[in-house]
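Observations on the model geometry
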Amino acid sequence: MINAIDKTLASLIKRNISGYLPVLMALIVIWVYFGISEPAFLSSRNLYYLLMQSSVVGILAIGITLILLLGEIDLSIAAVAGVAASILGVLSTNYDFSPLTSCLVALIAGGVLSCLMGLVTSLFGVPSFIATLAGLMGFQGLMMKILGSNGTINVRDPFIRGITTSTLSDNHAIILSIFIILIYGFLLYFDHNKRIKYGLNINPLKLILSKFSFFSLSILSVAIALNSYRGVPFLVVIIFFLTVFIAWFTKSTAFGLYIYAIGGNAKSARHVGIPVIFVTICTFTITGLIAAIAGIIGVSRYASVSYNTFVGGPLLLETIGAAVIGGTSLFGGHGSVWHALLGALVIGSLGNGLDLTGASAADKLIVSGSILLVAVSIDSFARRFKK
Amino acid sequence: MSKKHSENDKHKPHLLANSITKSFGAVQALKHMDFEVNKGEVMGLVGDNGAGKSTLLRILTGVEKPDSGEVSIDGNETKISSPQDAVNAGISVVYQSLALCENLSASENVFLGKEILYTYGANFYPNILKPLNKYLMEAETKRSLENLKVDSIKYLNQKINGLSGGQRQCLAIARAIHSNSDILLLDEPTSALGLSQTEQVLSLIKKLRTADRAIVIISHHLSHLYEVCDRITVMKAGQNVGVFSLHHTSEEEIIRAITIGEVVINK
Ligand SMILES: Nc1ncnc2c1ncn2[C@@H]1O[C@H](COP(=O)(O)OP(=O)(O)OP(=O)(O)O)[C@@H](O)[C@H]1O
Ligand SMILES: [Mg+2]
């Protein structure tokens, strides 16, 4: 009897964390490895820079996860971020637009460009790989045009810079953490109660409590660690709430369910009357908005816009890598935005750790490539195994 | 003793397919196929493999477009050119190749396309953006599976990729039942089911048969059809070779129609 209970508990735990497990393990392995070989890696100062460095990839990874869930791909996502960043830079620096207006225009531009990708993909039936490859090239050109001949625009606007330079005061950070933990606890309680009320099977209390303690401990320890350096960056709070919102949107609304359904079985999604084309176009548009947010964050962080920060470097590959390392399937229908964020941390930690240990750019590329290959292989293997 | 279309013309059929033709390249799947089902009636649809039963069903649900012919509901010609049209016309269906989403949970599959939403009294934003009432959907799914005497699906909020063929079929049927449509089309609903689940599905079909609903069942098991149907339409090579009232027809006559049936010209 006890054995049986333990078994169901074990299988429940497995089901609940199986999605997180690989990426969490990867993260822990990387942290332990670099923590031992380079103690500075685990300092709160480095944690701060790690989070800052991973921010643009993290946001883009959230965006591309939506597209991957649909069973599509978006190769233009980093270029869309680049165009949005260029627009923000040009408008706020050369044309004296207010920073808010410039951000708004950048957001709209991101949405419109990706909407275009969605239109071509779903209305004309062009495979998204090709459509967004064309988009990638076109938007790169567009970015060059906007940036003009010297290719780099410096952005010194205090508001825009402030997005990534300001931090919460120590007290505010702790209050916010406790607030978030209380909300999470309330949601768990609410869920538990509702399940009882509707006569559904409930998760064992042990599982709920361990979920809650893991979450609370993680949040609090990050907040305390960051407080011991410069404080919790405002940017971290933005990304947290952006992820909460997108995660809620994908998991708890009809629209989100349709994204998963289309990625899982597009044919049956069509059969039950889901407006597949509409959902695809909207999802691309949302991803464009998210890409534009990443662009804005990028401008703020580097205090400049240049071609290379967005499309010349490895940003696109790191984005796809982050989502896939987070366990989002390239074949559609499986994954979550939280996992993508963790995947971005894995990529960020690798880069950061290798930098600290003095690895060359070549080493970094080889290690990142290997990790990505392993992640994609696991994805393909899991898919074949399930069939 | 077979009954032909013309003898049943006293009341208008609920769903009428008139002279439907459909080719796939060189294969003529349907040749001037006529089909009808009345309100309050359970109609069986039989025929050998490849007779065109599923094709007819897919045309009625807007998945496939006919080359010619028309469909009418309650005497009004109805264009069904997409699955959404079929849903709007009150047609719901269980497909032979179960159209479930592996990556969704049991209750999400049952309610996909017609989710239960929290409305919060607000109608100024579209339904698609409203939050799902997952609890109610799961409870309803649990209830309908209990009605089907299916107790082997434990976790209704987990992905269904571990479920057996029969469990999936039960979900697909729960799905069709839940839509509460006027016209229910079932393509071999019992083909993957165990004995007791088959009995449950058949008795459920009897329960679902209400005065204003029309039900169509495709099956190769004549005994199942005899248990629940009023009439049987026999198809052969894409054509209607006869509509039989089961009260007046023996199983042998039906089998003869399936194997050596000829088209009864009734128009
Ligand atoms: N999409 C398609 N493309 C080409 N041929 C098709 C297609 N769908 C059906 N057919 C052909 O049309 C004919 C009728 O097929 P259908 O699936 O309707 O038969 P069925 O009566 O449902 O048979 P079964 O009892 O085996 O389910 C077959 O010859 C089949 O090969
Ligand atoms: Mg068939």
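Shown above is the structure to which this text applies.
Residues numbered from 1 in each chain as written. Chains lettered and ligands numbered in written order. Predicted model: local features only at pLDDT ≥ 70, side-chain atom pairs only at ≥ 80, totals over all residues. Heavy atoms only, no water.

**What to know about the interface of chain A and chain B**
Applied cut-off: Any two residues whose heavy atoms approach within 4.5 Å are treated as being in contact. Note on terms: buried area is the combined drop in 1.4 Å-probe accessible area of two parts once they are placed together, counting the loss on both. By definition, a salt bridge exists where a carboxyl oxygen of Asp or Glu is found within 4 Å of a side-chain nitrogen of Lys or Arg. N or O atoms within 3.5 Å of each other form a polar contact, as long as, within protein, one can give a hydrogen and the other can take it, and as long as residues adjacent in sequence are counted only when both atoms are side-chain atoms.
On the side of chain B, 36 residues touch chain A, which itself brings 35 residues to the contact. A per-residue breakdown of the area chain A buries against chain B is headed by Leu257, His271 and Val272 of chain A, which together make up 20% of the total. Here chain A and chain B share one salt bridge between them. With a shortest N-O distance of 2.6 Å, Arg195 of chain A and Glu138 of chain B are connected by a salt bridge. Taken together, chain A and chain B are joined by 12 residue pairs in polar contact (both at pLDDT 80 or more).

**Some points on the site of ligand 1**
Residues and elements named next belong to chain B. For the record, the criterion: Nearness here has a simple test: a residue counts as near a molecule or strand if at least one of its heavy atoms is within 4 Å of that partner. What counts as a helix is a DSSP run of H or I of at least four residues, what counts as a strand is a run of E of at least two, and both are numbered from the N terminus. Each residue gets one of three labels, nonpolar for Ala, Val, Leu, Ile, Met, Phe, Trp, Tyr, Cys and Pro, charged for Asp, Glu, Lys and Arg, and polar for the others, Gly among them.
As a matter of local geometry, ligand 1 sits amid 15 residues, with Asn49, Gly50, Lys53, Ser54 and Thr55 nearest to it. One of the side-chain N or O atoms of Asn49 is found 2.8 Å from an oxygen atom in ligand 1. One of the side-chain N or O atoms of Ser54 is found 2.6 Å from an oxygen atom in ligand 1. For the shell around ligand 1, the secondary structure elements donating two or more residues are β2 (27-37) and α1 (53-60). Ranked by residue count, the leading element in the shell around ligand 1 is α1, at four residues. Looking at the shell around ligand 1 residue by residue, the classes come out as four nonpolar, seven polar and four charged.

**Re the packing of helix α4 (residues 134-147) of chain B against helix α5 (residues 165-178) of chain B**
Residue and element names in this part refer to chain B. Stated formally: For helices, the fitted line uses only the C-alpha atoms of the stretch in contact; every axis is such a line through C-alpha atoms, and the angle between N-to-C directions lies from 0 to 180 degrees. Convention used here: angles under 35 degrees read as roughly parallel, angles over 145 as roughly antiparallel, angles from 65 to 115 as roughly perpendicular, and any remaining angle as oblique.
The contact between α4 and α5 brings their axes to 10 Å, and the two run at 110°. Accordingly, the angle class assigned to the pair α4 and α5 is roughly perpendicular. Residues Glu140, Ser144 and Leu145 of α4 form the contact with α5, whose participating residues are Cys170, Leu171, Ala174 and His178.

**So, the sheet that holds strand β8 (residues 214-218) of chain B**
All names here are of chain B. Using the following cut-off: Two strands pair if DSSP finds at least two bridges between them.
Read across the sheet, six strands follow the order β6-β7-β8-β3-β9-β10 without closing on themselves; strand pairing throughout is mixed. Unpaired on one side and paired on the other, β6 (91-94) and β10 (239-245) mark the two borders of the sheet. Strand after strand, the sheet turns through a mean of 20° between neighbouring axes, direction not considered. Bridge count for strand β3 (residues 41-46) against β8 is five bridges, and the pairing is parallel. Bridged to Glu41 within β8 is Ala214. On the sheet, α1 packs against β3, β6, β7 (183-187), β8 and β9 (231-236) and is oriented at approximately 150° with respect to β7. With respect to the sheet, helix α8 (residues 251-260) is in contact with β3, β9 and β10, its orientation differing from that of β9 by roughly 20°.

**Comments concerning the pairing of strand β4 (residues 68-73) of chain B**
With five bridges connecting them, strand β1 (residues 15-24) of chain B and β4 of chain B associate as antiparallel partners. Residue Leu15 of chain B lies in a different strand from β4 of chain B, and its bridge partner there is Ile73 of chain B.

**Some thoughts on the side chain of Ser329 of chain A**
Mapping Ser329 of chain A onto the fold places it in the loop between α15 (315-325) and α16 (337-356). The residues touching Ser329 of chain A, leaving out its near neighbours within four places in the chain, are Leu68, His334 and Asp379 of chain A.

**Quick word on the pattern of salt bridges**
All names here are of chain B. This is how it is decided: Think of it in three bands: with a 1.4 Å probe and only protein chains considered, a residue is buried below 20% of the maximum accessible area for its type, exposed above 50%, and partly exposed in between.
Here the structure, examined in full by the defined rule, presents nine salt bridges over all chains. With a shortest N-O distance of 3.9 Å, Glu77 and Lys79 are connected by a salt bridge. Like Lys79, Glu77 is exposed. Among the charged side chains, a network of salt bridges with common partners joins Glu36, Glu41 and Arg231.

**A closer look at the sheet that holds strand β5 (residues 76-77) of chain B**
Strands belonging to one sheet form pairs held by backbone hydrogen bonds; the direction of such a pair is parallel or antiparallel. All names here are of chain B. Spatial strand order, β2-β1-β4-β5: four strands in an open sheet with antiparallel pairing. This sheet does not close on itself; its edge strands, each paired only once, are β2 and β5. One ladder, built from two bridges, connects β4 with β5; its direction is antiparallel. Bridge pairing links Ile73 to Asn76 in β5.

**With respect to the nonpolar core**
Selection criterion: Nonpolar core, defined: a set of buried Ala, Val, Leu, Ile, Met, Phe, Trp, Tyr and Cys residues in which side-chain atoms within 4.5 Å join the residues together.
Core analysis: the largest hydrophobic core is formed by 87 residues, its most contacted members being Leu60, Val305 and Phe310 of chain A. Per-element accounting of this core gives the leading share, 15 residues, to helix α3 (residues 44-69) of chain A. Look past the residues within four positions of Phe310 of chain A in its chain and what remains in contact with it is Ala78, Ala81, Gly82, Ala85, Met143, Ala294, Gly295, Gly298, Val299, Val305 and Leu315 of chain A. Core analysis: the second largest hydrophobic core is formed by 65 residues, Leu70 of chain A together with Cys170, Leu204 and Leu246 of chain B among them.

**Details of the packing of aromatic side chains**
All names here are of chain A. Just so we agree on the cut-off: Only rings of Phe, Tyr and Trp enter the pairing, Trp through its six-membered ring, and a pair is recorded when the two centres are within 6.5 Å. The plane angle decides the type: under 30 degrees is stacked, over 60 is edge-to-face, the rest tilted.
The full count for this structure, using the stated rule, is 15 aromatic pairs over all chains. Ring plane angle 70° and centroid distance 5.2 Å describe the contact between Tyr33 and Phe34, whose orientation is recorded as edge-to-face. Looking at Phe34, the relative accessible area reads 3%, which means it is buried. Ring centres of Tyr48 and Tyr49 lie 5.3 Å apart, and the angle between their planes is 85°; on these two criteria the pair is classed as edge-to-face. Looking at Tyr49, the relative accessible area reads 26%, which means it is partly exposed. Members of the aromatic cluster, joined through ring pairs, are Trp31, Tyr33, Phe34 and Phe41.

**Quick notes on the side chain of Glu108 of chain B**
Rules: Residues scored as charged are limited to Lys and Arg (positive) and Asp and Glu (negative), so that His and the chain ends carry no count.
Mapped onto the fold, Glu108 of chain B is located in helix α3 (residues 106-111). In this structure Glu108 of chain B is buried but unpaired, with Lys134 of chain B as the nearest side chain of opposite charge at 4.9 Å.

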